[in-house]
Amino acid sequence: MTPTTAALLADALLALHMGIVVFVVGLLPLILVGGALGWRWVRHFGLRLTHLALMAFIAAQSWLGQLCPLTVWEQDLRRLAGQGSYGESFIEHWLSRLLYWEAPWWVFVAAYTAFAVAVGVAWWGVRPRR
């Protein structure tokens, strides 16, 4: 793989990762608001199961002290591209600043766990329908 291809794939992974974050974080308030306003789509079983499974996976990873596989894969591609952990392409520059935060590990474990619990509570508060 050429360094240019590796860099482009790393940027694509970062964009995908950001999309997943927006989905997981953004869907919870939409579920809560949509449940209150009677939006039928927020009760879609497949959507809600995907949301719950992603958040459970994220919380479990944090408890196990593991990085997200997308982060690991992206960093490997950046090394192949000859970049540092996070170079300065346009996509990476802006998305990585939104996505990656500096904090002690326990902060992430607590945040992911709390958010997973909130997603679980939303599952019961705004019941999905098959």
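Every value quoted in this text rests on a predicted model; they were computed, and no experiment measured them.

Right, let's talk about the pattern of salt bridges for a bit. All chains considered together, the criterion is met by three salt bridges. In this structure, arginine 78 engages aspartate 11 in a salt bridge whose closest nitrogen and oxygen atoms are separated by 2.9 Å. With arginine 78 in helix H3 (residues 69-80) and aspartate 11 in helix H1 (residues 3-37), this residue pair connects regions lying 67 residues apart in the sequence. Of the two residues, arginine 78 and aspartate 11, neither departs from the other in class, the shared state being buried. Taking the shortest distance from any N to any O, the salt bridge between aspartate 76 and arginine 79 comes out at 2.7 Å. Pair noted here: aspartate 76 and arginine 79 are both in helix H3, with a separation of three residues, about one helical turn. On the basis of relative accessibility, which here comes to 36%, the residue aspartate 76 falls in the partly exposed class.

Moving on, we get to helix H5 (residues 105-125). Under the 1.5 Å per step criterion, the end-to-end length of H5 is 30 Å for 21 residues, consistent within 8% with the ideal 30 Å. Within the sequence span of H5, burial applies to Phe108, Val109, Ala116, Val119, Gly120, Ala122 and Trp123. Along the axis of H5, the buried residues cluster in a sector spanning 155°; they form a single face. Among the exposed residues of H5, those pointing more than 90 degrees away from its buried face are Trp106, Val117, Val121, Trp124 and Gly125. Taken together, the buried residues of H5 touch H1 and helix H2 (45-63).

This part takes up the packing of aromatic side chains. Evaluated as defined, the whole model comprises four aromatic pairs. Each ring, one from phenylalanine 45 and one from tryptophan 123, has its centre 5.7 Å from the other, and the planes form 65°; the classification is edge-to-face. One end of the pair, phenylalanine 45, is in helix H2; the other, tryptophan 123, is in helix H5, and 78 residues separate them in sequence. Under the relative-accessibility criterion, tryptophan 123 is labelled buried at 12%. A centroid spacing of 6.4 Å and a plane angle of 55° characterise the contact between tryptophan 105 and phenylalanine 108, whose relative ring orientation is tilted. Of the two residues, tryptophan 105 and phenylalanine 108 are both situated in helix H5; the distance of three residues between them amounts to about one turn of the helix. Of the residues examined, tryptophan 105 reaches a relative accessible area of 38% and is grouped as partly exposed. Put simply, the rings of Trp105, Phe108 and Tyr112 pair up and form one aromatic cluster. Of note, arginine 130 hangs over the ring of phenylalanine 45, and the distance from its end group to the ring centre comes to 4.0 Å.

Basis of the calculations
Residues numbered from 1 in each chain as written. Predicted model: local features only at pLDDT ≥ 70, side-chain atom pairs only at ≥ 80, totals over all residues. Heavy atoms only, no water. Salt bridge = Lys/Arg side-chain N within 4 Å of Asp/Glu carboxyl O. Helix = DSSP H or I, 4+ residues; strand = E, 2+ residues; numbered from the N terminus. Buried < 20%, exposed > 50% of the residue type's maximum accessible area, 1.4 Å probe, protein only. Expected span 1.5 Å × (residues − 1). Arc of directions from axis to C-beta. Contact = heavy atoms within 4.5 Å. Phe/Tyr/Trp six-rings, centres within 6.5 Å; stacked < 30°, edge-to-face > 60°. Lys NZ or Arg CZ within 6 Å of the ring centre and 35° of its normal.

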